[in-house]
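Survey of secondary and tertiary structure
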Amino acid sequence: MSIAKFEEGITNEDAAIARKGVIAVSDGAGGGGVFAEFWSRYLVEHLPDTPICNYKAFDKWVEKIWEPFYNNSEKKAKEIGGLFLNKFYDEGSYATLVAVWQKGQWISYGDSVVFCYNRKSGELQHSFTSLSDFNNPPYLVNCKDPLNSNGFRCGKFKVSKDCVLFAASDTLAHYILMMYEVAKKKRFADELQKAIDANTKNSNYIKAAMAIEKIDFGRDVVRKLLYCERDFLLKNHIKGLKKKKLIGHDDYSLVIM
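Residues numbered from 1 in each chain as written. Predicted model: local features only at pLDDT ≥ 70, side-chain atom pairs only at ≥ 80, totals over all residues. Heavy atoms only, no water.

**Structural notes on the layout of surface pockets**
The volume enclosed by the largest pocket comes to roughly 480 Å³. Residue lining of the largest pocket: 29 residues in total, with D111, D170, T171, K201 and D250 positioned closest to the centre. Considering each element in turn, the lining of the largest pocket owes the most residues, 4 residues, to helix 4 (residues 170–183). Among the residues making up the lining of the largest pocket, the classes are represented as 9 nonpolar, 12 polar and 8 charged. In this structure, the second largest pocket occupies an estimated 230 Å³ of space. Contributing to the lining of the second largest pocket are 13 residues, with G110, F128, T129, D133 and Y139 lying nearest its centre. Taken together, the residues of the lining of the second largest pocket sort by class into 4 nonpolar, 6 polar and 3 charged. (1 Å grid on protein atoms, 1.4 Å probe; cavity = no way out; pocket = protein on both sides within 12 Å on 5 of 7 lines; lining within 4 Å. Points joined across faces, edges and corners; volume = space filled by probe spheres on them. Helix = DSSP H or I, 4+ residues; strand = E, 2+ residues; numbered from the N terminus. Nonpolar A, V, L, I, M, F, W, Y, C, P; charged D, E, K, R; others polar.)

If you want it as structure tokens, here you go:
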């Protein structure tokens, strides 16, 4: 599921896919470049069915797929012309990408996040670094420029029959990770404090979460997200979270295996 910001006539720049054996989210970055919504869609649709296991393989895959997208976008940009065409030549198109394959092998470039939640033990594994890093500009895959190996992360989750795999774009991912850490605030005290001390809008969401008396992460967060089986259900759920000041304003994507 992928829903646009709650504004009139806005383009959803996120893309999400759930295919047999792989789920992925790409967050098109509209702040720079053009055609972000098409690039994010193109990336997730061209993911291979077999896992990408390292940076070299990821680089090779992007190298193999970028050109048709670039050529097609150049044609469209020429039709529009002027400053738009210049922007395309100068900046290209940008997006994050996160994907996980059936057995738990995952890749990540940017600040979209993939999660593995064990419903029996209550443990959450994820592809991100730390909560405060959501405040940093993300690494982005560009349709014409080389990748930066520093932006790439990969790994393998410990997956059992009790696990559920899911992925989310950055703002929803921040909410999920924040709620997990607040539910276990003793364990994550330092990480939470660092994120609060950053004094960003994300710090305010953390403070709002810390004010909740008791959080049962499995029941209050994961189960509610798993129940969002239609876009309108996810939309209503996000509206409720916004009211409680627990989540930011953005496009929201959620994909579950």
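**Notes on the environment of H126**
Structurally, H126 can be placed in strand 8 (residues 124–126). Under the relative-accessibility criterion, H126 is labelled partly exposed at 22%. Once the C-alpha coordinates of H126 and V113 are considered, the two residues, 13 residues apart in sequence, prove to be 6.9 Å apart. Those residues in contact with H126 that lie beyond four places of it in its chain are V113, V114, F115, F157 and L177. (Buried < 20%, exposed > 50% of the residue type's maximum accessible area, 1.4 Å probe, protein only. Contact = heavy atoms within 4.5 Å.)

**Re helix 7 (residues 217–226)**
Three or more residues of helix 7 are buried, namely F217, G218, D220, V221, V222 and L225. Looking at the buried positions of helix 7, the neighbouring elements they touch are strand 7 (113–118), strand 8, strand 11 (163–168), helix 4, helix 8 (231–243) and strand 12 (252–256). With a side-chain oxygen lying 3.3 Å from the backbone nitrogen of G218, the N-terminal cap of helix 7 falls on D216. (Polar contact = N/O pair within 3.5 Å; in protein donor to acceptor, adjacent residues only side chain to side chain.)

**Observations regarding helix 1 (residues 36–45)**
Turning to helix 1, its buried residues number three or more, namely A36, W39, S40, Y42, L43 and V44. Elements that come into contact with the buried residues of helix 1 comprise strand 2 (14–19), strand 3 (22–27), helix 2 (55–80), strand 4 (94–95), strand 5 (97–101) and strand 9 (141–142).

**Concerning the pattern of salt bridges**
As enumerated under the stated definition, the model contains 9 salt bridges in all. Taking the shortest distance from any N to any O, the salt bridge between D49 and R19 comes out at 2.9 Å. Within this pair, whereas D49 is found in the loop between helix 1 and helix 2, its partner R19 is found in strand 2, the two being separated by 30 residues in sequence. Classification of D49 by relative accessible area gives exposed; the value is 55%. When its relative accessible area of 29% is taken as the criterion, R19 is described as partly exposed. Taking the shortest distance from any N to any O, the salt bridge between D220 and R219 comes out at 2.9 Å. The class for R219 is partly exposed, based on a relative accessible area of 44%. Beyond isolated ion pairs, a larger network of salt bridges with shared partners links D216, R219 and D220. (Salt bridge = Lys/Arg side-chain N within 4 Å of Asp/Glu carboxyl O.)

**Quick word on the pairing of strand 3**
Of all 6 residues in strand 3, 6 are buried, a share of seventy percent or more. Note that strand 2 and strand 3 share 6 bridges and pair antiparallel. Along strand 3, the bridge assignment pairs A15 with S26. Between the end of strand 2 and the start of strand 3, which pair antiparallel, lie 2 residues, with G21 showing a positive phi angle near 95 degrees. Pairing of strand 3 with strand 5 involves 4 bridges; the strand directions are antiparallel. For V25, the partnering residue across the bridge sits in strand 5 and is V98. (Pairing = 2+ DSSP bridges.)

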